[in-house]
Amino acid sequence: MNKIIISALAMTLCASAYAQRSDGTTKSLVEAEKEFAASVKKEGTSAAFSKFAAQDGIVFRPNPVNAKKHFATAKDISGLSWDPVIARVSRSGDWGFTLGNYTVAEGSKATYGHYLTVWRANDGKWEYIIDIGADAVKPFDKKILKSFVEPKDSYRPKFASAKELKASVDIIYATEKTLNTTLKAMGPQAFAGFLNHDAVLQFPGTETITGKNDILAFNNRVIDKISLKTVQADKALGGDYAYTYGVATIDYKADLRESFNYVFIWQRQSDATWNIIAQIFNEAVR
């Protein structure tokens, strides 16, 4: 009997170790996220969010702060659960993102929202470098089909200099600057030239909006003007994905202005241009 117990325990530990390990696949990232969610239930939000955070990882609470510093003193949130519905990993195998919806169930009450998390592999283990959520006002009725896409191939530059890497990231800054200039000239319909056909928008108070046409329809219905102030950008070594985050000022058609923190995930196209594959906004405190 003892041998059986020991064997079962060994299998459990091996499964846990696998879930933490980054092996360059989207499957390993999804497993890491699921273990993250399980760790929250077992250890509490502060311990789990600190444990899975990179040293330079940030969380939006609601403005960006260092994750480890924040959760060193933050109170635990009981009843938090989530499940990834979209996940991608770069060709370099060391960078990825996940997104989905979350629920906080406290007694008979529940609150809901969206989340987006950017991950980076460190010493063979996935750690998040950005985590952001956006509140919703009711349970989500719309079911999003799960989409976990594996890298199409494997690529990582072997001899890229710091200067070359910086120049590569500067392309992302320049792309978002072009987007912002176009937004000022054309309004929110400018996103038409910068969205993937399968892009996802997570906006406070809404269902997850999927598909370029539906996002443009939402923008046209709700937003009059939008401007972006980029704070930071970075790019996967595989050269296929990147992120930006910053502050968006939105003028609604209902004669109201609000500030939002945003995170955009960018994907390189076959013609070397960059389109947005995921967007999330949360209300900023200014």
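Structure: above.
Chemist: What's the story with the overall build of the chain in this structure? I'm lost.
Modeler: Scanning the chain for helices and strands turns up six helices and 13 strands. Taking 2.2 N^0.38 as the reference for a compact globule, 286 residues should give roughly 19 Å; the C-alpha atoms of the chain span a radius of gyration of 19 Å, in line with that estimate. Each principal axis of the C-alpha distribution contributes one length, and for the chain these read about 75 × 55 × 35 Å. Taken across its 286 residues, the chain has 47% of its residues classed as buried. Within the chain, contacts between residues at least 6 apart in sequence are counted, and of these 60% link residues at least 24 apart. Of the roughly 14,600 Å² of accessible surface on the chain, a fraction of 55% belongs to carbon and sulfur atoms. Side-chain charges in the chain split into 36 positive and 31 negative, and the spacing between the mean points of these groups amounts to 2 Å.

Chemist: Help me understand the nonpolar core, please; the structure alone is not making it clear to me.
Modeler: One broad trend across soluble globular proteins is that nonpolar side chains are buried collectively. Grouped together as the largest cluster of nonpolar side chains are 30 residues, with contacts concentrated most on L179, F191, I226, F264, W266 and F281. Listed in part, the 25 residues of the second largest apolar core include V85, I144, Y243 and I280.

Chemist: Even after reading the chapter, I still don't get the sheet that holds strand β8 (residues 195–202), so can you show me in this structure?
Modeler: Strand pairing in a sheet relies on backbone hydrogen bonds, with the paired strands running either antiparallel or parallel. One open sheet accounts for six strands, arranged β9-β8-β13-β12-β11-β10; its pairing is mixed. Unpaired on one side and paired on the other, β9 (209–210) and β10 (223–235) mark the two borders of the sheet. By the bridge criterion, eleven bridges tie β10 to strand β11 (residues 241–252) in an arrangement that is antiparallel. Of the residues in β11, the one forming a bridge with L228 is A248. Helix-sheet contacts for helix α5 (residues 162–186) involve β10, β11, β12 (257–268) and β13 (274–283), and the interaxial angle to β10 is about 175 degrees. The strands touched by helix α6 (residues 212–222) within the sheet are β8, β9, β10, β11 and β13, with β8 carrying the most contacts at an inclination of about 55 degrees.

Chemist: What is the right way to look at the side chain of Q267 in this model?
Modeler: Turning to its location among the elements, Q267 is positioned in strand β12. A distance of 3.2 Å separates polar atoms of two side chains, one belonging to Q267 and the other to Y241. Excluding residues that lie within four positions of it along the chain, Q267 makes contacts with N196, D240, Y241, T273, W274, N275 and I277.

Chemist: Just to check I follow, could you spell out the environment of D214 for this structure?
Modeler: For D214, the position within the fold is in helix α6. Among the residues examined, D214 registers a relative accessible area of 44% and is labelled partly exposed.

Chemist: I would appreciate a short explanation of unusual backbone geometry in the present structure.
Modeler: Glycine aside, residues mostly have negative phi, and peptide bonds are mostly found in the trans state. R61 connects to P62 through a cis peptide bond whose omega is -10 degrees. Phi at A272 is positive, roughly 75 degrees, even though this residue is not glycine. The residue A272 is located in the loop between β12 and β13 in this model. A272 gets classed as partly exposed once you look at its relative accessible area, which sits at 39%.

Chemist: Would you take a moment to explain helix α2 (residues 26–43) for this structure?
Modeler: The end-to-end C-alpha separation of α2 is 25 Å, in line with the 26 Å expected for 18 residues at 1.5 Å each. Restricting attention to buried positions, one finds in α2 the residues T26, S28, L29, V30, A32, E33, E35, F36, A37, S39 and V40. Where α2 ends, the next residue or the one after it, G44, has phi of about 100 degrees, a positive value.

Chemist: What is the right way to look at the pairing of β8 in this model?
Modeler: When a strand is regular, its side chains alternate between the sheet's two faces. A large share of β8 lies buried, amounting to six of its eight residues. With four bridges connecting them, β8 and β13 associate as parallel partners. Directly across from Q202, in β13, lies its bridge partner I280. A loop of six residues connects β8 with β9, the two strands running antiparallel in sequence, and G205 in this loop sits at a positive phi of about 80 degrees.

Chemist: What's the story with the pattern of salt bridges in this structure? I'm lost.
Modeler: Scanning the entire structure with this criterion turns up eight salt bridges. As a salt-bridge pair, K51 and E43 come within 3.2 Å of each other at their nearest N and O atoms. A residue is classified by how much of its surface remains accessible, and K51, at 38% relative accessible area, is partly exposed. Where R156 meets D94, a salt bridge forms, and the shortest distance between an N and an O atom there is 2.9 Å. Here R156, found in the loop between β7 (147–149) and α5, pairs with D94, found in the loop between β3 (80–89) and β4 (95–106); they are 62 residues apart in sequence, far enough to count as distant. Judged by its relative accessible area of 14%, D94 falls in the buried class.

Chemist: Help me understand the pairing of β13, please; the structure alone is not making it clear to me.
Modeler: The element β13 is extensively covered by neighbouring structure, given that nine of its ten residues are classed as buried. Pairing of β12 with β13 involves nine bridges; the strand directions are antiparallel. Bridge pairing in β13 links N261 to N282. Hairpin connection from β12 to β13: five residues lie between these consecutive antiparallel strands, with A272 at a positive phi of about 75 degrees.

Parameters and conventions
Residues numbered from 1 in each chain as written. Predicted model: local features only at pLDDT ≥ 70, side-chain atom pairs only at ≥ 80, totals over all residues. Heavy atoms only, no water. Helix = DSSP H or I, 4+ residues; strand = E, 2+ residues; numbered from the N terminus. Rg over C-alpha atoms; globule rule 2.2 N^0.38 Å. Buried < 20%, exposed > 50% of the residue type's maximum accessible area, 1.4 Å probe, protein only. Contact = heavy atoms within 4.5 Å. Areas by Shrake-Rupley, 256 points an atom, 1.4 Å probe, with all protein chains shown as cover. Lys, Arg positive; Asp, Glu negative; His and termini not counted. Charge placed at Lys NZ, Arg CZ, Asp CG, Glu CD. Core = buried A, V, L, I, M, F, W, Y, C linked by side-chain atoms within 4.5 Å. Pairing = 2+ DSSP bridges. Axes fitted to C-alpha atoms, helices over the stretch in contact; angles between N-to-C directions. Polar contact = N/O pair within 3.5 Å; in protein donor to acceptor, adjacent residues only side chain to side chain. Expected span 1.5 Å × (residues − 1). Salt bridge = Lys/Arg side-chain N within 4 Å of Asp/Glu carboxyl O.

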